[in-house]
Amino acid sequence: MSCVGCKDGAGFDLPITMAFQPIVDVANQTVFAYEALVRGKDGQGADQVLSQVSPDNRYAFDQVCRTTAIDLAAGLDMTADGASLSINFLPNAVYEPRACIRATLAAAMRTNFPLNRIIFEFTESEAMDAAHILNILRAYRAMGFKTAIDDFGAGYAGLGLLALFQPDIVKLDMALIRDIDTDPVKRTIVRNTLNMLRDLGVEPVCEGVETLAEHDVLRDLGVTLMQGYLLAKPAVEALSPVSWPREAASLARTA
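Just so it is clear, the model here is predicted, and its values are computed rather than measured. (Residues numbered from 1 in each chain as written. Predicted model: local features only at pLDDT ≥ 70, side-chain atom pairs only at ≥ 80, totals over all residues. Heavy atoms only, no water.)

**Brief notes about the environment of Val209**
Among the secondary structure elements, Val209 is positioned in the loop between β7 (203-206) and α10 (212-220). Residues Val209 and Gln227, 18 residues apart in the sequence, show an inter-C-alpha distance of 6.0 Å. Aside from chain neighbours lying at most four places away, what touches Val209 is Ile177, Glu214, His215, Leu218, Met226, Gln227, Gly228, Tyr229 and Leu230. (Helix = DSSP H or I, 4+ residues; strand = E, 2+ residues; numbered from the N terminus. Contact = heavy atoms within 4.5 Å.)

**Remarks on the pairing of strand β1 (residues 16-25)**
By the criterion of burial, β1 is predominantly enclosed, with 10 of the 10 residues buried. With burial as the criterion, each face of β1 is covered, one bearing Ile16, Met18, Phe20, Pro22 and Val24 and the other bearing Thr17, Ala19, Gln21, Ile23 and Asp25. Relative to strand β2 (residues 30-40), β1 is paired through 10 bridges, and the arrangement is antiparallel. Considered in β2, the bridge of Met18 is made with Val38. In this antiparallel pair of consecutive strands, β1 and β2, the connection spans four residues, and Gln29 shows a positive phi of 55°. (Buried < 20%, exposed > 50% of the residue type's maximum accessible area, 1.4 Å probe, protein only. Pairing = 2+ DSSP bridges.)

**A word on the pattern of salt bridges**
Summed over all chains, the structure comprises nine salt bridges. The residue Glu121 makes a salt bridge to Lys171 at a minimum N-O spacing of 3.2 Å. Of the two residues, Glu121 is situated in strand β4 (residues 118-122) and Lys171 in strand β6 (residues 169-172); the sequence distance between them amounts to 50 residues. The exposure class of Glu121 is buried, given its relative accessible area of 0%. Salt-bridge contacts for Lys171 lead to Glu207; the nearest nitrogen and oxygen are separated by 3.5 Å. Of this pair, Lys171 sits in strand β6 while Glu207 sits in the loop between β7 and α10, and the two are 36 residues apart along the sequence. A residue is classified by how much of its surface remains accessible, and Glu207, at 7% relative accessible area, is buried. Salt bridges sharing common partners tie together Glu35, Glu121, Lys171 and Glu207. (Salt bridge = Lys/Arg side-chain N within 4 Å of Asp/Glu carboxyl O.)

**Quick word on helix α9 (residues 184-200)**
Spanning 17 residues, α9 covers 24 Å between terminal C-alpha atoms, matching the ideal 24 Å at 1.5 Å per step. The complete set of buried residues in α9 reads Lys186, Val190, Thr193, Leu194 and Leu197. Relative to the axis of α9, the buried residues are bounded by an arc of 105° and lie together on one face. The exposed residues of α9 that point more than 90 degrees off its buried face are Val185 and Asp199. The inward-facing, buried residues of α9 abut β5 (146-152), α7 (159-164), β6, α8 (174-177), β7 and α10. Among the residues of α9, the N-terminal cap falls to Asp183, whose side-chain oxygen and the backbone nitrogen of Val185 are separated by 3.0 Å. Of the residues flanking the end of α9, it is Gly201, one or two places downstream, whose phi is positive at about 75°. (Expected span 1.5 Å × (residues − 1). Arc of directions from axis to C-beta. Polar contact = N/O pair within 3.5 Å; in protein donor to acceptor, adjacent residues only side chain to side chain.)

By themselves, these observations are geometric and do not establish any function.
Have a look at this one:
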C-alpha cells in the first residue's frame, strides 16, 4: 500500500526539532499531555518553518514532524507519569491514512512509545472535504490513537464536523479565552460550548490561558484541562515545569 505523497512528493530539507508545551489538569495538578510544536534546528520559529512547506513537500514535512516528536518524547520519557504526546497533523498531507501512518508506527515501535499515548490533533487551514477528514479520524481511532480538533471556534472545523464525528478532545481557540473574565459574551459562548461537548462525551481543553483571572473563570465553568503561558511555555527538546495557579497566587500574597 502506498500513496501519492510517499511516491512522488519532494523531501523537506530544513532540519527541524520540537518544543513541548504541557496541557495540564489544573484540578489534579498533573500533566495530561504535551503538545509538540515545530521549531527549526537553528532556532527558527514555527512560522519560519511553516513558510517552507509547500504542496510538493507537505507530505514529507508532516511525516518528519511525527517521527521527530515521537523520538524526542521517548527520549524524554514523556509517558512516565501518565502524560500523552499530542502531534499536529496536516489533513491535506494524508492521502491514505493506513499507508501514511507507517512511519509513525515504525517510530513508536522503535522507541517503545505506546500508541494509546498518542493524540493526533488538527486544524483546518483551508476548506477540505469532510469525507476525507472523517476517513482519517475514523482510521486513527480504529488504530488506537486519540483524536482532537484544535482551534475550535476559529477554523473550518466546527459544528458541521462535530455533528459527524466526536473526537476524544476539542481544544477551544484562544480567541474565545482571551479576556473571558471581562467579556460576558465570550463567557456565554464558552459556557454553552462546554455544555455541548460534555453532552457529546468530548473532553474540552482551553488554550491560551495567560492570566489568573482567565483561569479562575474557566475553573468556575468546570474546565480542568488548560494550556497557556500562565501554566507553562513551550520548551525546546525539554519538558517545561508547570506553574500551578493556586501556588503562584499563594506566593504572591505572602511575598
